[in-house]
Structures are given as C-alpha cells and as structure tokens.
Amino acid sequence: MKRSTLFAAFVLAGSTALSACGSSDEPAEEAKPAERLVAEGGKLVLPAVSGRPAAVYFDITYNSGGAPVMESASVEGAEKTQIHATDMKNGTAMMGEAAPISMLARQTIKFEPGGYHLMVMDPADSWKAGDSTNVTIKLDNGEETTFPVEIQAAGDER
Ligand SMILES: [Cu+2]
C-alpha cells in the first residue's frame with residue numbers, strides 16, 4: 001500500500017541521518033532537537049544607509065507538536081534583534097514587533113520582505129555583502145536552532 005511505503009521511506013531516511021551523526025545507538029523514535037526546528041534559506045540584508053537596522057529573512061519549520069511560541073531571536077555580532085511583522089495600515093506598510101508566533105507542527109513560517117522578518121537594530125560595522133553570520137531562534141519550550149545567514153547588500157532582496 002502506498003501509505004506504508006511512504007512511512008518506511010521516512011523511517012529509513014531518519015535512521016540514515018542519525019547514523020551520519022554518529023549516534024546510531026539511540027532510538028530513532030524521537031527526532032533530535034536539530035531536526036525538530038529547521039531554518040533554511042537565511043539571508044541578512046544590510047541597510048541602504050549605515051546606522052539603520054538590517055533585516056533577516058528565512059523559512060522556519062517546527063517538526064514536532066505542542067505549538068511552542070517563538071521566544072527570541074539573536075544575531076551573532078549584534079546586541080539588539082527584534083521579531084517584526086508588517087501590517088497594512090491605511091494602505092501603507094507599517095512594521096513593528098510581532099505578536100507571539102506559534103510554531104505549528106510541520107508548518108513552515110516564512111520570514112520575507114513585506115511579512116515577518118528579524119530587525120537587527122545595531123548591525124555590526126564589519127558585516128559585508130558576501131560574508132555570513134549566524135542567527136539563533138529560541139522557542140519558549142527551550143528548543144532552539146542556530147543557522148547561517150548570507151549577508152547581502154541593500155536592494156538585493158527582491
Ligand atoms: Cu522591521
């Protein structure tokens with residue numbers, strides 16, 4: 001049956017990933033933290049004018065249950081990072097700190113221009129297009145993930 005074939009393929013992929021990490025002794029039932037919270041496609045767009053905030057975009061997926069809330073975001077090299085949302089007000093896009101974001105199982109949340117994004121209030125002077133830095137996202141259940149973001153010049157985001 002098609003359903004059981006898919007299930008078998010998933011289990012096989014899971015155990016391959018575990019042995020690649022050198023932890024094949026552990027039971028494969030519970031996904032490891034690094035696999036439960038996955039961020040991809042990270043990029044940090046520098047401000048057009050120095051001294052202004054930088055923006056960070058990525059896709060993030062939580063592969064478990066309980067709907068934890070995204071608690072904080074930090075960027076290596078910066079002290080102050082906020083989780084922002086963009087809303088339309090009277091036809092104008094306004095951004096500000098986002099209401100708590102629940103991570104629903106296997107639902108990808110996109111941080112993208114015109115939507116959710118991280119706002120780095122104090123971008124490092126040393127950041128240059130073509131370099132990369134690391135972003136850490138923490139959930140209120142104690143789980144977190146750190147992933148690389150590629151640094152891009154202003155205007156490259158679209
Ligand atoms: Cu913002």
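Calculation criteria
Residues numbered from 1 in each chain as written. Predicted model: local features only at pLDDT ≥ 70, side-chain atom pairs only at ≥ 80, totals over all residues. Heavy atoms only, no water. Buried < 20%, exposed > 50% of the residue type's maximum accessible area, 1.4 Å probe, protein only. Helix = DSSP H or I, 4+ residues; strand = E, 2+ residues; numbered from the N terminus. Pairing = 2+ DSSP bridges. Salt bridge = Lys/Arg side-chain N within 4 Å of Asp/Glu carboxyl O. Phe/Tyr/Trp six-rings, centres within 6.5 Å; stacked < 30°, edge-to-face > 60°. Donors = N, O, S within 2.8 Å, 3.2 Å for Na, K, Ca; no water. pLDDT = per-residue confidence, 0-100. Contact = heavy atoms within 4.5 Å.

Participant: Break down the pairing of strand 6 (residues 108-111) for me, citing the residues and quoting the values.
Facilitator: Side chains Ile109 and Phe111 of strand 6 all project onto a buried face; the interleaved residues Thr108 and Lys110 project onto a face where none is buried. Bridge analysis of strand 2 (residues 54-62) against strand 6 gives four bridges, and the strand direction is antiparallel. In the strand pairing of strand 6, Thr61 is matched with Thr108.

Participant: Explain the pattern of salt bridges residue by residue, including any values.
Facilitator: Counted under the stated rule, the structure contains two salt bridges. For the salt bridge of Glu143 with Arg36, the shortest nitrogen-to-oxygen distance reads 2.9 Å. Of the two residues, Glu143 sits in the loop between strand 8 (132-139) and strand 9 (144-152) while Arg36 sits in helix 2 (residues 33-36), which places them 107 residues apart along the sequence. According to the relative accessible area criterion, Glu143 is buried, its value standing at 13%. Ionic pairing is found between Asp59 and Lys110, a salt bridge with its closest N-O pair at 3.1 Å. Taken together, the residues span a long stretch of sequence, with Asp59 in strand 2 and Lys110 in strand 6 at a distance of 51 residues.

Participant: For the packing of aromatic side chains, give the residues involved together with the corresponding values.
Facilitator: For the structure on display, the rule yields three aromatic pairs. Three or more aromatic residues joined by ring pairs form one cluster here, namely Phe58, Phe111, Tyr116 and Phe147.

Participant: Can you break down the coordination of the copper ion residue by residue, with the values?
Facilitator: With distances of 2.1 to 2.2 Å, the protein atoms coordinating the copper ion are His84 (ND1), Met95 (SD), His117 (NE2) and Met119 (SD). Each donor residue of the copper ion lies on the same chain, and together they follow the pattern H-x10-M-x21-H-x1-M. Of the two residues, His84 sits in strand 4 (residues 81-89) while Met119 sits in strand 7 (residues 117-120), which places them 35 residues apart along the sequence.

Participant: How would you sum up the confidence of the model for the protein? Please name residues and give values.
Facilitator: Here the protein averages 85 in pLDDT, and 77% of its residues register 70 or above. Scored below 50 in pLDDT, residues 1-20 shows eight contacts in the model against residues more than four places distant or in partner chains.

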